[in-house]
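# Descriptive analysis of the structure
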Amino acid sequence: MKIDIKKIEEIVGENNYSDNIADLYVYSSDASVHQAMPAVIVKPKTIEEVQKIVCYANKKKIPVTPRGAGSGTSGHTVPIDGGIVLDLKQMNRILEIRPEDMLVRVEPGVVDDDLNRALNQYGLFYPPAPASSRIATIGGEIAANASGVRSVKYGATRDYVLGMKVVLADGSLVNLGSNTRVHSAGYQLERLIVGSEGTLGIVVEATMRITPLPKFRCLAVANFNSLKDAGNTISDIITSGSQPSMLELMDKVGIIAVNKAMNLGLPEVGAIILFEADGNVKEAVDYEMKKMKGICEKHGGSGIEMSYDAAERKRLFSGRKKLFAALSRYKEGIICTDLADDMGVPNSKIAQTAEKIHEIAERNNVIMAVYGHCGSGVIHTKIMFDTTKKSQWKDAERVIEELYDYVHSVGGVTSAEHGIGLSKAPAWKKARSDILPMMKAIKKALDPNNILNPHKLMDAPDDWVKATNLRYNVRS
Amino acid sequence: MTAKKVDFKRSKKWEQELNKCIRCGYCYELCPLFKSYTWESDTPRGKLILIYGMIADEIKPNQEIVDKIFQCFYCKNCSDNCSAGVPVTEVLTDARADLIEAGYDVKGTIVEIDENLCSVCGVCVPLCKYEALSIKDINKDQKKIEVDKIECRGCGLCVAACPSEAISQIEGCDITLPELHEKVKTLIQTYEDMKLIIFCCNWSLFPGMQLSESPTIIKAPYGIIVTMCSGRVAPELILNAFHEGAWGVMVAGCPPEECDHDGNYKTRRRLVLLKNMLKELNIEPERIKLEWFSTGESAKLKNAITEYVKELEKMGPIKKIEIQKMVGG
């Protein structure tokens, strides 16, 4: 696999590619534990440039790994086979906002928060914002079928994709989907691309559904003595028919971490729940909030604070917003790793899964935080341990195996919103062996030379620890 | 240049902190260098990855890596906002010290003195809060200004203050005077309704999109140009904005006591003189406005802009004859 750098330069120009070690090393990792060096980084600015690069790569059988913000947690953008990393952040234009059709047309590198800043001027918003919305690109969100704190009411990226332009492995360009809210004309191919993690094609333009900003938003926080009480509260809120626009959980590990990192002074109770309702009629929002508050109180929720004010809501949410990174500060000598980070479980299993996570962690000498958009069944964790010790990586391996076995046994899924990539692939393949042949057949049909983000998802190695170098300095 | 042997004794003490960086990448949005260069290796996360790679002996230092490490304006947006609490700029300073000690020649965002132009007047020396500039004896009769490459924060106050224009800084990230002039010109020429140019300090947050573009929806009568410090806004930059057709110029800086470089005091003095000059030329001094904004006061900034645009609309454009007088035409 020899890459003709002159050819790359011809296509994108001398300032839009790099094969110097500084760039290659930085682009060799993302937010996961994985690391693998690419041969060249290419930053196309147009659809034609993407087509030419992919066409060239296909002829020469060079791997192409598309990359947005590089904030993935499972190694989706780590170029396990080297080759070209296609950095799409330069394709960052909002092409068209059509309030009359309630849709927006964007390039893949548009950042989620930027899109919302532009839409807010029209009284509109794009709801599936992940916590990383300040840097996450729409292309990356499509690749992972990302969702976020409002998924409990508004759903995930897949619910907002109307259509897209995709460059296929042979360099050809296809228009998938439509500009209409529904279409019924054969395979829903735009949906096939959602969650494909760059393995089937490269999204070069997306048409997304947008929605009006609600006039009222009210956010509340409630404290609970135990994680079990908090988990059961969430399940009850959902089954009660309430319509939260956000329903978040944070356990004690998370609370301690954000207090240490941000000096927030949150009460270090068993767990905190954040719940929000939104709408255009204040009385209706009041009704939802009152109902959810009542369910919290029934389960022992206390210290309930509630506000419609934007600044106050920001304050109440600040701990949750920065929790992911703040976990690094939980305890000296303990490092926060992105492993087993986003399982989804049925609504009735939230409390017991949350407790099980702590039990498994304790038994295996690691620390785990439990938090997430539990209203939609998303449970986030991180595995925290001394990454310099080999024995602790063994502990982490055991935790992952036990945890996923448990999650799958209660009818849950390996990944709810971050995707499979490399580190979740072994557990996911074990749980979903029935669908792997179908996925492999689709991949082979669309990418016969296996150039698009190869060896991810169903083709990822069976041992995640050895799949690539670990990005940590492991000593003994 | 061949690889040099580097003893990473200072950098290595940060290994645990580098592990704490969970590589979320949230610092991208806040980094002026990333916005200019668009390579991930220019982000705070990218720099930390490079330092980690070098101390873990996974990559050998070379000029390309060193150049990246020496590019930073020390705005500290990254370290101040890092939820993992990684002291990015402190790590960076120690890595710089290790690399300088090993003999690497560096440029990055550090200021450079053109000795042919420098008269060694020494104006720049007390300006530098970091004591990065000093007068050194070359021999009995000759002196020169020396730059401490570890201590220089790249704020560029000395660049704006040097009467001989002997001090310069890296091009490509819209911080040099010609680049800023060009930006003003492009804004005014591209958008016909452009009335107000705002020089906005990178240290206080500014509203609007950060990392994306929207050519179809920008209709604002104002344009924001981010500078590294309000103290960098040289008088000729403001005068040229008027010359290009701006109706008014706002300089938005950090409040007194909050500026990392004490650049805002210099701006305040400078703008008083400029306003007096406008008066002499029979131009309303209100066409220059200085406002203070703390980090996070982007809503206040937005309101101030709206109000000022209204004021300017009442005043109308500057009469052409006055502008010609002003720039000597």
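Our structure is the block above this text.
Residues numbered from 1 in each chain as written. Chains lettered and ligands numbered in written order. Predicted model: local features only at pLDDT ≥ 70, side-chain atom pairs only at ≥ 80, totals over all residues. Heavy atoms only, no water.

Counting secondary structure elements, chain A contains 17 helices and 21 strands. Relative to the compact-globule value of 23 Å for 476 residues, chain A shows a C-alpha radius of gyration of 22 Å, a close match. Taking the principal axes of the C-alpha coordinates as reference, chain A spans close to 65 × 60 × 40 Å. With 476 residues in all, chain A has 63% of them scored as buried. Across chain A, the fraction of contacts at a sequence separation of at least 24, relative to all contacts at a separation of at least 6, is 72%. Summing over all exposed atoms, chain A offers an accessible surface of approximately 17400 Å²; the carbon and sulfur share of this is 50%. Within chain A, one finds 60 positive and 57 negative side-chain charges whose respective centroids are separated by 1 Å. (Helix = DSSP H or I, 4+ residues; strand = E, 2+ residues; numbered from the N terminus. Rg over C-alpha atoms; globule rule 2.2 N^0.38 Å. Buried < 20%, exposed > 50% of the residue type's maximum accessible area, 1.4 Å probe, protein only. Contact = heavy atoms within 4.5 Å. Areas by Shrake-Rupley, 256 points an atom, 1.4 Å probe, with all protein chains shown as cover. Lys, Arg positive; Asp, Glu negative; His and termini not counted. Charge placed at Lys NZ, Arg CZ, Asp CG, Glu CD.)

Residues and elements named next belong to chain A. If you check helix α13 (residues 350-363), its first and last C-alpha atoms are 20 Å apart, about what 14 residues at 1.5 Å a residue would give, namely 20 Å. Taken as a whole, α13 has its buried residues at Ile 350, Ala 351, Thr 353, Ala 354, Ile 357, Ile 360 and Ala 361. At its buried positions, α13 is contacted by α8 (227-239), β18 (342-344), β19 (367-372), β20 (378-385) and α14 (390-409). One or two positions beyond α13, positive phi appears at Asn 365, with a value near 60°. (Expected span 1.5 Å × (residues − 1).)

Moving on, we get to the packing of helix α1 (residues 5-12) of chain A against helix α3 (residues 47-60) of chain A. Residue and element names in this part refer to chain A. Between α1 and α3, the least distance of the axes is 9 Å, while the angle of their chain directions is 165°. Taken together, α1 and α3 sit at an angle that is classed as roughly antiparallel. Seen from above, α1 lies across α3 with right-handed handedness. Of the residues in α3, those in contact with Lys 7, Ile 8, Ile 11 and Val 12 of α1 are Glu 49, Lys 52, Ile 53 and Tyr 56. Its residues placed into classes, the contact of α1 with α3 shows five nonpolar, no polar and three charged. (Axes fitted to C-alpha atoms, helices over the stretch in contact; angles between N-to-C directions. Parallel < 35°, antiparallel > 145°, perpendicular 65-115°, else oblique. Left-handed = near helix turned anticlockwise from the far one by under 90°. Nonpolar A, V, L, I, M, F, W, Y, C, P; charged D, E, K, R; others polar.)

Bringing the packing of helix α10 (residues 177-190) of chain B against helix α11 (residues 235-244) of chain B into the picture now. Residue and element names in this part refer to chain B. Remark: α10 packs on α11, axes separated minimally by 10 Å, with the N-to-C direction vectors making an angle of 25°. Judged by the inter-axis angle, α10 sits roughly parallel to α11. As α10 packs across α11, the resulting crossing turns out to be right-handed. Between α10 and α11, the residues in contact are Leu 177, Leu 180, His 181, Val 184, Lys 185, Ile 188 and Gln 189 and Glu 236, Leu 237, Asn 240, Ala 241 and Glu 244, respectively. Split by residue class, the contact of α10 with α11 holds six nonpolar, three polar and three charged.

Another point: the interface of chain B and chain A. Each partner contributes to the interface: chain B provides 47 residues, whereas chain A provides 60 residues. Each partner contributes to the roughly 4600 Å² buried at the junction of chain B and chain A, and carbon and sulfur atoms together form 52% of this total. Across the contact surface, chain B and chain A share seven salt bridges. A:Arg67 is paired through a salt bridge with B:Glu40; the nearest N and O atoms lie 2.6 Å apart. Remark: the boundary between chain B and chain A carries 23 residue pairs in polar contact (both at pLDDT 80 or more). Mapped onto the side of chain B that touches chain A, the elements with two or more residues apiece are α2 (15-20), α3 (32-37), α4 (44-55) and α5 (63-69) of chain B. A per-element tally of the side of chain B that touches chain A places α4(B) first, with six residues. Residues of the side of chain B that touches chain A, tallied by class, amount to 20 nonpolar, 16 polar and 11 charged. (Buried area = accessible area lost by both parts, 1.4 Å probe. Salt bridge = Lys/Arg side-chain N within 4 Å of Asp/Glu carboxyl O. Polar contact = N/O pair within 3.5 Å; in protein donor to acceptor, adjacent residues only side chain to side chain.)

To continue, consider the sheet that holds strand β11 (residues 202-209) of chain A. Residue and element names in this part refer to chain A. Reading across from one edge, β6-β7-β11-β9-β10 is the order of the five strands in this open sheet, with antiparallel pairing throughout. Since the sheet does not close on itself, it has two edges, and those belong to β6 (94-98) and β10 (173-177), each with one partner. The mean inter-strand angle of the sheet, taken between neighbouring strand axes irrespective of direction, is 10°. Of the strand pairs in this sheet, strand β9 (residues 161-167) and β10 are connected by five bridges, and their pairing is antiparallel. In the strand pairing of β10, Gly 163 is matched with Gly 177. Running at roughly 40° to β6, helix α4 (residues 112-120) makes contact with β6 and β7 (103-106) of the sheet. (Pairing = 2+ DSSP bridges.)

Attention now moves to the side chain of A:Thr381. All names here are of chain A. Of note, Thr 381 is situated in strand β20. In this structure the side chain of Thr 381 is engaged in a polar contact, spanning 2.3 Å, whose partner is the backbone oxygen of Ala 340. With near-sequence residues (within four places) excluded, Thr 381 lies in contact with Leu 339, Ala 340, Asp 341, Met 343, Ile 357, Met 368, Ala 369 and Tyr 371.

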